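An overview of the molecular structure
The lines below spell out each chain.
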Amino acid sequence: MKKQNPLSLLFLIMLIGFVSCKDDTKKVIKTEAVTFTKEGTLTIYKSQTDSILTSLDIEIAESDYETETGLMYRKGMDENQGMLFIFPDVRQHYFHMKNTEFGLDIIFMDEDQNIVSFQENALPFDETLLPSQVPAKYALEVNAGLAEKWLLEVGDRMEFKKD
């Protein structure tokens, strides 16, 4: 009987182990895109003239999960759409853009639905905290640049209704 070289035997064992551990099939996990669901309408009014600046279809975030997730994992939103956050308390609220793929303007309103502050052009995926500056009850997220386009000012107001 021929004696095996220990190095060639070790090499053969390693080769068999490497080949048997290789997984030829790649698992693809399919996820469904998160899409906009209209849950109400919102109108923004100019404070000085009480004229309508714009009307939007809104998705409403009220639960803890909805407010924590917001518009994360979405590809975008139409110009006539927004997400309204309704908080259980009036206080300073903070947002960030983690896992948010498109720029946003965040408009903060008090309990009387008057605009009290806003954060414009929040950058996608940026984890910097974006505060409401003053206590707020509501926040509205819209596509970046719309606050400037609508010439929004502190004191303008909104009204919304659920479907």
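In this text the structure is predicted, and so the values were computed from the model without any measurement. (Residues numbered from 1 in each chain as written. Predicted model: local features only at pLDDT ≥ 70, side-chain atom pairs only at ≥ 80, totals over all residues. Heavy atoms only, no water.)

The next point concerns the overall build of the chain. Across its full length, the chain carries three helices and nine strands. Each helix and strand of the chain, ordered N terminal to C terminal, gives the series α-β-β-α-β-β-β-β-β-β-α-β. Among the 163 residues that make up the chain, the fraction classed as buried is 37%. Excluding contacts between residues fewer than 6 apart, the proportion of contacts in the chain whose partners are at least 24 apart in sequence is 70%. Total accessible area on the chain is roughly 10,600 Å²; 55% of this is exposed by carbon and sulfur atoms. (Helix = DSSP H or I, 4+ residues; strand = E, 2+ residues; numbered from the N terminus. Buried < 20%, exposed > 50% of the residue type's maximum accessible area, 1.4 Å probe, protein only. Contact = heavy atoms within 4.5 Å. Areas by Shrake-Rupley, 256 points an atom, 1.4 Å probe, with all protein chains shown as cover.)

Moving on, we get to the packing of aromatic side chains. The geometry of an aromatic ring pair is captured by two quantities: the separation of the ring centres and the angle between the planes. Throughout the structure, instances matching the rule amount to five aromatic pairs. For the pair F85 and F95, a centre-to-centre distance of 5.0 Å together with 85° between the ring planes defines the contact as edge-to-face. Taken together, the residues span a long stretch of sequence, with F85 in strand β3 (residues 81-91) and F95 in strand β4 (residues 94-95) at a distance of ten residues. Residues F85 and F95 agree in their burial class; the two are buried. Look at F95 and F108: their rings are 5.6 Å apart centre to centre, the planes differ by 75°, and that puts the pair in the edge-to-face class. Of this pair, F95 sits in strand β4 while F108 is found in strand β5 (residues 104-109), placing the two residues 13 residues apart along the sequence. According to the relative accessible area criterion, F108 is buried, its value standing at 0%. Clustering of aromatic rings is evident, with ring pairs tying together F85, F87, F95 and F108. The ring of Y45 carries R157 above its face, with NZ or CZ at 4.2 Å from the centroid. (Phe/Tyr/Trp six-rings, centres within 6.5 Å; stacked < 30°, edge-to-face > 60°. Lys NZ or Arg CZ within 6 Å of the ring centre and 35° of its normal.)

Attention now goes to the nonpolar core. One finds L42, I44, L84, I107, M109, L140 and W150 to be the most contacted residues of the largest nonpolar core, which totals 18 residues. Listing elements by their share of this core, those giving two or more residues are β1 (40-45), β2 (52-61), β3, β5, β8 (136-143) and α3 (146-149). Beyond its immediate chain neighbours, meaning those up to four positions away, W150 contacts I44, L53, T54, L56, I107 and V142. Core analysis: the next-biggest nonpolar cluster, separate from the first, contains 17 residues, L71, M83, L104 and I106 among them. (Core = buried A, V, L, I, M, F, W, Y, C linked by side-chain atoms within 4.5 Å.)

Attention now goes to the environment of A139. Considering the arrangement of structural elements, one finds A139 in strand β8. A C-alpha to C-alpha distance of 6.1 Å links A139 and M109, two positions 30 residues apart in sequence.

What follows concerns the pattern of salt bridges. Oppositely charged side chains may form a pair once their charged atoms are brought near each other. A complete count under the given rule lists ten salt bridges for this structure. Close ionic contact of K46 with E153 constitutes a salt bridge, the shortest N to O distance being 2.7 Å. Residue K46 is found in the loop between β1 and β2, and its partner E153 is found in the loop between α3 and β9 (157-162); the two are separated by 107 residues along the sequence. A residue is classified by how much of its surface remains accessible, and K46, at 12% relative accessible area, is buried. (Salt bridge = Lys/Arg side-chain N within 4 Å of Asp/Glu carboxyl O.)

Moving on to the sheet that holds β9. What the seven strands build is an open sheet, ordered β6-β5-β8-β3-β2-β1-β9; its pairing is mixed. Sheet topology places β6 (115-122) and β9 at the edges, where each strand pairs with a single neighbour. Averaged over all pairs of adjacent strands, the angle between their axes in this sheet comes to 30°, without regard to strand direction. Here five bridges tie β2 to β3, and the two strands are oriented parallel to one another. Following the sheet pairing, A61 is matched in β3 by F85. (Pairing = 2+ DSSP bridges. Axes fitted to C-alpha atoms, helices over the stretch in contact; angles between N-to-C directions.)

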